[in-house]
Amino acid sequence: SGTSALAIGLLMAGLGIGLGLGWFADHVIIHDPDSDNPLPYFISVLICGGLALLQYHKMVRRKQQG
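Description of the structure in this document. (Residues numbered from 1 in each chain as written. Predicted model: local features only at pLDDT ≥ 70, side-chain atom pairs only at ≥ 80, totals over all residues. Heavy atoms only, no water.)

Some thoughts on the overall build of the protein chain
So, step 1. When helices and strands are tallied, the protein chain shows two helices and zero strands.
So, step 2. Dimensions of the protein chain, computed from the C-alpha atoms along their principal axes, are close to 55 × 20 × 15 Å.
So, step 3. Scored against the burial criterion, the 66 residues of the protein chain give a buried share of 21%.
So, step 4. When contacts within the protein chain are restricted to residue pairs at least 6 apart in sequence, long-range pairs at least 24 apart make up 64% of them.
So, step 5. Surface accessibility of the protein chain: about 4,900 Å² in total, with carbon and sulfur atoms responsible for 70%.
So, step 6. The centroid of the 4 positive side-chain charges in the protein chain is displaced by 41 Å from the centroid of its 4 negative side-chain charges. (Helix = DSSP H or I, 4+ residues; strand = E, 2+ residues; numbered from the N terminus. Buried < 20%, exposed > 50% of the residue type's maximum accessible area, 1.4 Å probe, protein only. Contact = heavy atoms within 4.5 Å. Areas by Shrake-Rupley, 256 points an atom, 1.4 Å probe, with all protein chains shown as cover. Lys, Arg positive; Asp, Glu negative; His and termini not counted. Charge placed at Lys NZ, Arg CZ, Asp CG, Glu CD.)

Here's what the structure looks like:
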């Protein structure tokens, strides 16, 4: 349905933003060329994906209330 497409779309956008933020944290903030630590990617993907799902829940609740 339309709401599941919205949820998937928001989740995918959140995951993409999370990957971008993970890259930014890894290459710009940490800036250690010898390290290949995946932790910044995992943390930012999980945070941004969770925030996207919370935004979806907020949008659906607002629509249901009128």
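Now that the structure has been shown, we can carry on.
Observations concerning a nonpolar patch on the surface
So, step 1. Residues Trp23, Phe24, Val28, Ile29 and Ile30 make up a contiguous nonpolar surface patch of roughly 510 Å² in combined accessible area.
So, step 2. Tracing the backbone through its elements, the reader meets Ile29 in helix α1 (residues 2-30).
So, step 3. Overall, Ile29 belongs to the exposed group, its relative accessible area being 60%. (Patch = residues over 30% accessible without salt bridge, like charges linked within 9 Å, V, L, I, M, F, W, Y side chains within 5 Å. Salt bridge = Lys/Arg side-chain N within 4 Å of Asp/Glu carboxyl O.)

Section: the side chain of Ser44
So, step 1. Relative to the assigned elements, Ser44 resides in helix α2 (residues 39-65).
So, step 2. There is a polar contact of 3.2 Å between the side chain of Ser44 and the backbone nitrogen of Gly22.
So, step 3. When neighbours within four sequence positions are excluded, Ser44 is seen to be in contact with Gly18, Leu21 and Gly22. (Polar contact = N/O pair within 3.5 Å; in protein donor to acceptor, adjacent residues only side chain to side chain.)

Description of the packing of α1 against α2
Packed helix pairs are specified by the crossing angle of their axes together with the interaxial distance, meaning the distance between the axes.
So, step 1. One way to put it is that α1 packs onto α2 with a least axis distance of 7 Å and a crossing angle of 150°. With respect to α2, the axis of α1 lies roughly antiparallel. Read as a crossing pair, α1 and α2 show a hand that is right-handed.
So, step 2. Looking at side-chain class alone, the contact of α1 with α2 contains 19 nonpolar, eight polar and one charged residues. (Axes fitted to C-alpha atoms, helices over the stretch in contact; angles between N-to-C directions. Parallel < 35°, antiparallel > 145°, perpendicular 65-115°, else oblique. Left-handed = near helix turned anticlockwise from the far one by under 90°. Nonpolar A, V, L, I, M, F, W, Y, C, P; charged D, E, K, R; others polar.)

Comments concerning the environment of Tyr56
So, step 1. Of note, Tyr56 is situated in helix α2.
So, step 2. Using a relative accessible area of 19% as the deciding quantity, one classes Tyr56 as buried.
So, step 3. Along the primary structure Tyr56 and His31 are separated by 25 residues, whereas in three dimensions their C-alpha atoms are 34 Å apart.
So, step 4. The residues touching Tyr56, leaving out its near neighbours within four places in the chain, are Thr3, Ser4, Leu6, Ala7 and Leu10.

Quick word on α2
So, step 1. With 27 residues, α2 ought to run about 39 Å at 1.5 Å a step, and its terminal C-alpha atoms sit 39 Å apart, in line with that.
So, step 2. In this structure, the buried side of α2 is in contact with α1.
So, step 3. Positive backbone phi, approximately 120°, marks Gly66, located one or two places after α2. (Expected span 1.5 Å × (residues − 1).)

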